[in-house]
Number of protein chains: 2
Amino acid sequence: MAAGLAGVVSTRPADLDTHGRDENHLDSVPPRAVVFAETRDDVVTTMRWAGRHNAALIPFGAGTSAEGHVVPLGGEVSLDVSRMNRLVALCPEDFRAVVQPGLTRNGLNTRAREFGLTFPVDPGADASLGGMAATNASGTTTIRYGGMRANTLALEVVLASGDVLRLGRPVRKSSSGYDLRDLFIGSAGTLGVITELTVALHPVPEEIAVLRAFFPDVAAAVAGAFAAVGTGLPIARLELLDEITAGLLAQDVPGLVPDAPALFVELHSSTAAGLATELDIAHRALLEAGASTVGTATAQAEREAIWEARHRLFWSIRRAFPGRRYLITDTAVPLSAIVEHAQVISELRADLGLDVVTTGHVGDGNIHTVVAVAEGQDAPAALFSDELVRHALRVGGTCTGEHGIGVSKRQYLAAEHGDAALWMARVKGLFDPGNVLNPGKVVGPDLLSDALAAR
Amino acid sequence: MAAGLAGVVSTRPADLDTHGRDENHLDSVPPRAVVFAETRDDVVTTMRWAGRHNAALIPFGAGTSAEGHVVPLGGEVSLDVSRMNRLVALCPEDFRAVVQPGLTRNGLNTRAREFGLTFPVDPGADASLGGMAATNASGTTTIRYGGMRANTLALEVVLASGDVLRLGRPVRKSSSGYDLRDLFIGSAGTLGVITELTVALHPVPEEIAVLRAFFPDVAAAVAGAFAAVGTGLPIARLELLDEITAGLLAQDVPGLVPDAPALFVELHSSTAAGLATELDIAHRALLEAGASTVGTATAQAEREAIWEARHRLFWSIRRAFPGRRYLITDTAVPLSAIVEHAQVISELRADLGLDVVTTGHVGDGNIHTVVAVAEGQDAPAALFSDELVRHALRVGGTCTGEHGIGVSKRQYLAAEHGDAALWMARVKGLFDPGNVLNPGKVVGPDLLSDALAAR
Ligand SMILES: Cc1cc2nc3c(=O)[nH]c(=O)nc-3n(C[C@H](O)[C@H](O)[C@H](O)COP(=O)(O)OP(=O)(O)OC[C@H]3O[C@@H](n4cnc5c(N)ncnc54)[C@H](O)[C@@H]3O)c2cc1C
Ligand SMILES: Cc1cc2nc3c(=O)[nH]c(=O)nc-3n(C[C@H](O)[C@H](O)[C@H](O)COP(=O)(O)OP(=O)(O)OC[C@H]3O[C@@H](n4cnc5c(N)ncnc54)[C@H](O)[C@@H]3O)c2cc1C
């Protein structure tokens, strides 16, 4: 098979295994082979090879997807770009960096921090920047700095045809032509392979503090989040933890109240005086909204301990519910619907008798649940996730705030987008007529024919 | 012709005249007729009519485009949506509004302010929100709040086929499917007609102040802007005025120094204490960068006088150079190239002996010049604009920061985007195979055949 293929080709069982799964609950399906691309030309050659041999390719970054994006459906070759991980250029005067797709966000941040700069998009996992662009990742700081779209200036992509395109320009704004860059951001390797990114950096904020507010129940905490956003303060992070996750965090972080749902509110300010007043306003808003206690963490070590523990949470949940399958949901709703959405979660959890933990980037209306699925609970767990998505869609929300459609959410694409889903499939057909790139993920010709048949 | 057409159809000379031009320097070309659509169904019916009769349509909002977007190239019908100008819904808890495309930004802001909210995108002119989305407008506040992309959550569009699509969801984030919303934003009526928008609102900032800094020359002022951005302060506006425009403004606004290039730096803060410290930091940075004087305007009346005069500037320039044609340019470059870009402007102005004024949203690297073209200066004026664009492209910039490609910048599309321009033309062919919508603007089948012929 390797004739005409570039990069390092592996069919070692260990490589096939790690490339057959991501952080989704799906079972591992080994790809036919793994191609480790080391240069853009390796990607081009592999694409051309795939076109000639009618082979399907799955781009692979760090493999941390939560939606089965990189899991083969049968016979695909994994195209791993993690070895293309160079920082190509860092231009502090332009607040920007040029990176290869395999560089991770932590890798970039280590280098950016030397210049007092930071890349803010933070999906918890140490994902690759190419994978983050491909899923339109966002995270804790999105409420202030935006997600991948807001922080990606330009992309280099290789199309299924082997053509290399540059999308976007390294400037802060442009109205030049159609926005193909944002079309490729979030396309999950189904339209092209990202081989270079120009991303925005931000000054490390001068003054940072985190408020920890504890509430009698999750609904009250969500209402507190709503009140915090309503203050109009420049909030940089606004995270919800239910009583279970707050309890897990309390094992790692001193000063937390176990068993009480919590909000973590981070404020960034350019001046100490401004920060003090802002903390005061936020403090009062949280107490008025029903917080039982509100504490402040200003010391760097204390703040970092909080976010490190937050990032480890998914693994803490696994430890707390060992031997289960973990079904992650990722709905986002308008802010005004978020209290109701949280209530739907508690009701479903009680009705279905499931172990469910709730967290979320709640300032953006984005809630994650993890169902720790015990033996025999597959059906109720699936029902939980389905009901939750349907509620989100009913109130104007989305089936995925940040993890993407992958395979698990394809069934909702038409419900969420109506006829626009058909046009997504047509766009896929335009850029990848042979359906070579990550077939069966997000959209594809099957959705088109299903929809046409249903007419 | 009107058989099968919906809305109010006019062939009155006055209507044809106002729909035959925009704020570009091109001569007016009357459309065949003007259809004033009053409902979405009027738009659908007109689209179907155009498809059947092989007629071309030009969507028309407020007609303030600077790039000839709405000027017919021959025989098009103008589809005016300005009567679809209702505020459909205002949801203060969700910081969002649903509007018809003909509502103007001032119209929206009057209503939003009742709730302590504001729609920040500010292109100076009182443009329609549909036209602003269609051109991906931005403006003075984009450095802080982003342009139309960052502030448009969802669109309803009517395709050339008459299909109605909803693109995007009224949530703060989503990774669901391909981003067709951003494809239509900035497509200038060439892919579909926007019939409804869901836009983001922001709390009116608590504390606002404007610094006015005066510099010995434009290069120094641009360097001052660069220094101001480097402070990392949350700057909300950062505008450059050369000595001519500062002089024009000084006639309207007390306290300005005529004949000295100026920077206006607006800061928004949630606390008075924060604002005071921020002003202090900005003040010092501007003086260190070479400002000769720096003053502060905090009173609302004083601040508003500045921005009102800034918005009237284009008309003040016309008064200062009466009887000319006015050639507007709109380049954007990486911040680190902006001083050099300003130098190119002065050199070209001197070499070509033109009356040129320079302003710009310089915090975004976006510079506007207006050439007041006297009789017989068409060739040097065109050369000025061409050289300036080519310099912008050489340093990684864009031929249009915010006004769009329209007709005047089509020649640069391939130079700026390479093969991606071809794919833009293919996307146009997918959504509008009959080339019914604003043909000859932005991209189209002609670009595709030119490029293929050149291979
Ligand atoms: C504990 C945990 C927490 C998480 N929290 C968040 C969160 O807060 N926010 C969030 O957004 N996500 C979150 N995720 C999901 C995941 O981290 C993101 O989706 C991330 O962006 C995936 O990046 P990756 O490099 O791992 O991509 P992969 O998983 O390798 O790939 C993801 C998709 O992108 C495609 N792809 C990868 N690289 C390229 C490329 N160079 N060109 C084209 N396509 C490519 C793949 O084909 C695949 O479709 C979380 C995951 C875990 C395990
Ligand atoms: C003095 C002055 C200053 C300016 N300053 C700025 C600035 O700072 N920033 C900036 O971005 N622009 C600026 N402009 C340009 C102009 O105001 C913007 O491009 C504005 O967004 C155009 O909106 P409009 O409603 O006038 O659209 P129009 O001029 O009516 O149309 C513009 C384009 O959009 C299309 N269109 C209009 N409505 C729709 C719709 N409903 N659906 C689909 N397509 C549609 C038209 O077909 C056309 O291609 C300035 C213009 C002037 C005269």
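- Under an unreviewed UniProt entry, the name given to chain A is D-lactate dehydrogenase (cytochrome), and the source organism is Pseudofrankia asymbiotica.
- Looking at chain A in UniProt, the text filed under Cofactor (unreviewed entry) is "FAD".
- UniProt, in its Sequence similarities (unreviewed entry) section for chain A, records the words "Belongs to the FAD-binding oxidoreductase/transferase type 4 family."

**Topic: the site of ligand 1**
Residues and elements named next belong to chain A.
Point 1. Taken together, 34 residues are adjacent to ligand 1, and Pro59, Thr64, Pro123, Ser128 and Glu402 come closest.
Point 2. Contact between ligand 1 and Thr64: an oxygen atom at 2.7 Å from a side-chain N or O atom of the residue.
Point 3. A distance of 3.4 Å separates a nitrogen atom of ligand 1 from a polar atom in the backbone of Gly189.
Point 4. In isolation ligand 1 offers 970 Å² of accessible surface; the protein chains occlude 96% of this area.
Point 5. Elements with a minimum of two residues in the shell around ligand 1: β3 (57–60), α4 (129–135), β10 (193–200) and α11 (300–320).
Point 6. In terms of residue count, α4 provides more of the shell around ligand 1 than any other element does, 5 residues in total.
Point 7. Partitioned by chemical class, the residues of the shell around ligand 1 number 17 nonpolar, 15 polar and 2 charged.

**Topic: the site of ligand 2**
All names here are of chain B.
Point 1. Close contacts around ligand 2 come from 34 residues, with Pro59, Thr64, Pro123, Ser128 and Glu402 the closest.
Point 2. Taking Ala188, its main chain carries an N or O atom lying 3.0 Å from an oxygen atom of ligand 2.
Point 3. A distance of 3.2 Å separates an oxygen atom of ligand 2 from a polar side-chain atom of Asn438.
Point 4. Contributing elements (two or more residues each) for the shell around ligand 2: β3 (57–60), α4 (129–135), β10 (193–200) and α11 (300–320).
Point 5. Residue contributions to the shell around ligand 2 peak at 5 residues, all from α4.
Point 6. Classifying every residue of the shell around ligand 2 by side-chain character gives 17 nonpolar, 15 polar and 2 charged.

**Some words on the sheet that holds β10(B)**
Residue and element names in this part refer to chain B.
Point 1. Spatially, the 5 strands line up as an open sheet ordered β5-β6-β10-β8-β9, and their pairing is antiparallel. Among the strands making up the open sheet, the edge pair consists of β5 (87–91) and β9 (164–167). Strand-to-strand twist in this sheet, taken as the mean axis angle between neighbours without regard to direction, amounts to 10°.
Point 2. Bridge analysis of strand β8 (residues 152–158) against β10 gives 6 bridges, and the strand direction is antiparallel. Residue Ala154 lies in a different strand from β10, and its bridge partner there is Thr198.
Point 3. The sheet strands contacting helix α3 (residues 105–113) are β5, β6 (96–99) and β10, and the helix crosses β5 at an angle near 40°.

**Observations regarding the domain arrangement of chain A**
All names here are of chain A.
Point 1. Each domain of chain A was delimited in the assignment, giving domain 1 (8–80), domain 2 (87–203), domain 3 (207–311) and domain 4 (314–394).
Point 2. With 11 residues of domain 1 at the contact, the number on the domain 2 side is 16 residues.
Point 3. Taking both partners together, domain 1 and domain 2 bury about 1100 Å²; carbon and sulfur atoms supply 72% of that area.
Point 4. Interface area lost by domain 1 to domain 2 is led by Arg40, Met47 and Pro59, which between them contribute 43%.
Point 5. Summed over the shared surface of domain 1 and domain 2, the number is 1 salt bridge.
Point 6. Here Arg40 ties to Glu156 by a salt bridge, and the two come within 2.9 Å at their closest N and O atoms.
Point 7. Along the contact surface separating domain 1 from domain 2 lie 1 residue pair in polar contact (both at pLDDT 80 or more).
Point 8. At 5 residues, the largest contribution of residues to the side of domain 1 that touches domain 2 is made by helix α2 (residues 40–53).
Point 9. The residue inventory of the side of domain 1 that touches domain 2, partitioned by class, reads 6 nonpolar, 3 polar and 2 charged.

**Observations regarding the sheet that holds strand β14 (residues 262–269) of chain A**
All names here are of chain A.
Point 1. Spatially, β15-β12-β14-β13-β17-β18-β16 is the arrangement adopted by the 7 strands of the open sheet, whose pairing is antiparallel. A strand with exactly one partner marks an edge of an open sheet, and here the two such strands are β15 (293–297) and β16 (325–332). Across the sheet, the mean angle from the axis of one strand to that of its neighbour is 15°, orientation sign disregarded.
Point 2. Packed on one face of the sheet, helix α13 (residues 378–394) meets β16, β17 (355–361) and β18 (366–373) and runs near 5° to β16.

**Concerning the relation of the copies chain A and chain B**
Point 1. In screw terms, the move from chain A to chain B is a rotation of 180° and a rise of 0.0 Å along the axis, fitting with an RMSD of 0.0 Å. In symmetry terms, the pair is related by a two-fold rotation axis. Of every C-alpha in chain A, the one belonging to Gly274(A) sits nearest the axis of rotation, 1.8 Å from it.

**Considering the interface of chain A and chain B**
Point 1. Contact with chain A, which involves 82 residues of that partner, is made by 82 residues of chain B.
Point 2. Carbon and sulfur atoms make up 59% of the area that chain A and chain B hide from each other, which totals about 6300 Å².
Point 3. At the junction of chain A and chain B, the tally comes to 6 salt bridges.
Point 4. With a shortest N-O distance of 3.0 Å, Glu402(A) and Lys173(B) are connected by a salt bridge.
Point 5. Inspection of the region where chain A meets chain B yields 44 residue pairs in polar contact (both at pLDDT 80 or more).
Point 6. Those elements that place two or more of their residues in the side of chain A that touches chain B are α5 (142–145), β9 (164–167), α7 (180–184), α8 (218–230), α10 (272–288), α14 (413–417) and α15 (420–431) of chain A.
Point 7. For the side of chain A that touches chain B, the class distribution of residues is 34 nonpolar, 30 polar and 18 charged.

**Thoughts on the packing of aromatic side chains**
Given two aromatic rings, their pairing is described by the distance between the two centres and the angle made by the two planes.
Point 1. Summed over the entire model, instances satisfying the criterion amount to 10 aromatic pairs over all chains.
Point 2. Both rings, one in Phe264(B) and one in Trp307(B), keep their centres 6.1 Å apart while their planes meet at 85°; by these two values the pair is edge-to-face. Taken together, the residues span a long stretch of sequence, with Phe264(B) in strand β14 (residues 262–269) and Trp307(B) in helix α11 at a distance of 43 residues. Taken individually, Phe264(B) and Trp307(B) each receive the classification buried, so the pair is uniform in this respect.
Point 3. Their ring planes at 75° and their centres at 5.6 Å tell us that Phe314(B) and Trp315(B) sit as a pair that is edge-to-face.
Point 4. For Phe314(B), a relative accessible area of 15% translates into the label buried.
Point 5. We classify Trp315(B) as partly exposed; its relative accessible area is 41%.
Point 6. Above the face of the Trp423(A) ring, Arg426(A) is positioned so that its terminal group lies 4.5 Å from the ring centre.

About the thresholds
- Residues numbered from 1 in each chain as written.
- Chains lettered and ligands numbered in written order.
- Predicted model: local features only at pLDDT ≥ 70, side-chain atom pairs only at ≥ 80, totals over all residues.
- Heavy atoms only, no water.
- UniProt positions renumbered as here; feature names shortened; annotations may be inferred.
- Near = heavy atom within 4 Å.
- Polar contact = N/O pair within 3.5 Å; in protein donor to acceptor, adjacent residues only side chain to side chain.
- Areas by Shrake-Rupley, 256 points an atom, 1.4 Å probe, with all protein chains shown as cover.
- Helix = DSSP H or I, 4+ residues; strand = E, 2+ residues; numbered from the N terminus.
- Nonpolar A, V, L, I, M, F, W, Y, C, P; charged D, E, K, R; others polar.
- Pairing = 2+ DSSP bridges.
- Axes fitted to C-alpha atoms, helices over the stretch in contact; angles between N-to-C directions.
- Contact = heavy atoms within 4.5 Å.
- Domains from an automatic or database assignment.
- Buried area = accessible area lost by both parts, 1.4 Å probe.
- Salt bridge = Lys/Arg side-chain N within 4 Å of Asp/Glu carboxyl O.
- Least-squares fit on C-alpha atoms with pLDDT ≥ 70 in both.
- Phe/Tyr/Trp six-rings, centres within 6.5 Å; stacked < 30°, edge-to-face > 60°.
- Buried < 20%, exposed > 50% of the residue type's maximum accessible area, 1.4 Å probe, protein only.
- Lys NZ or Arg CZ within 6 Å of the ring centre and 35° of its normal.

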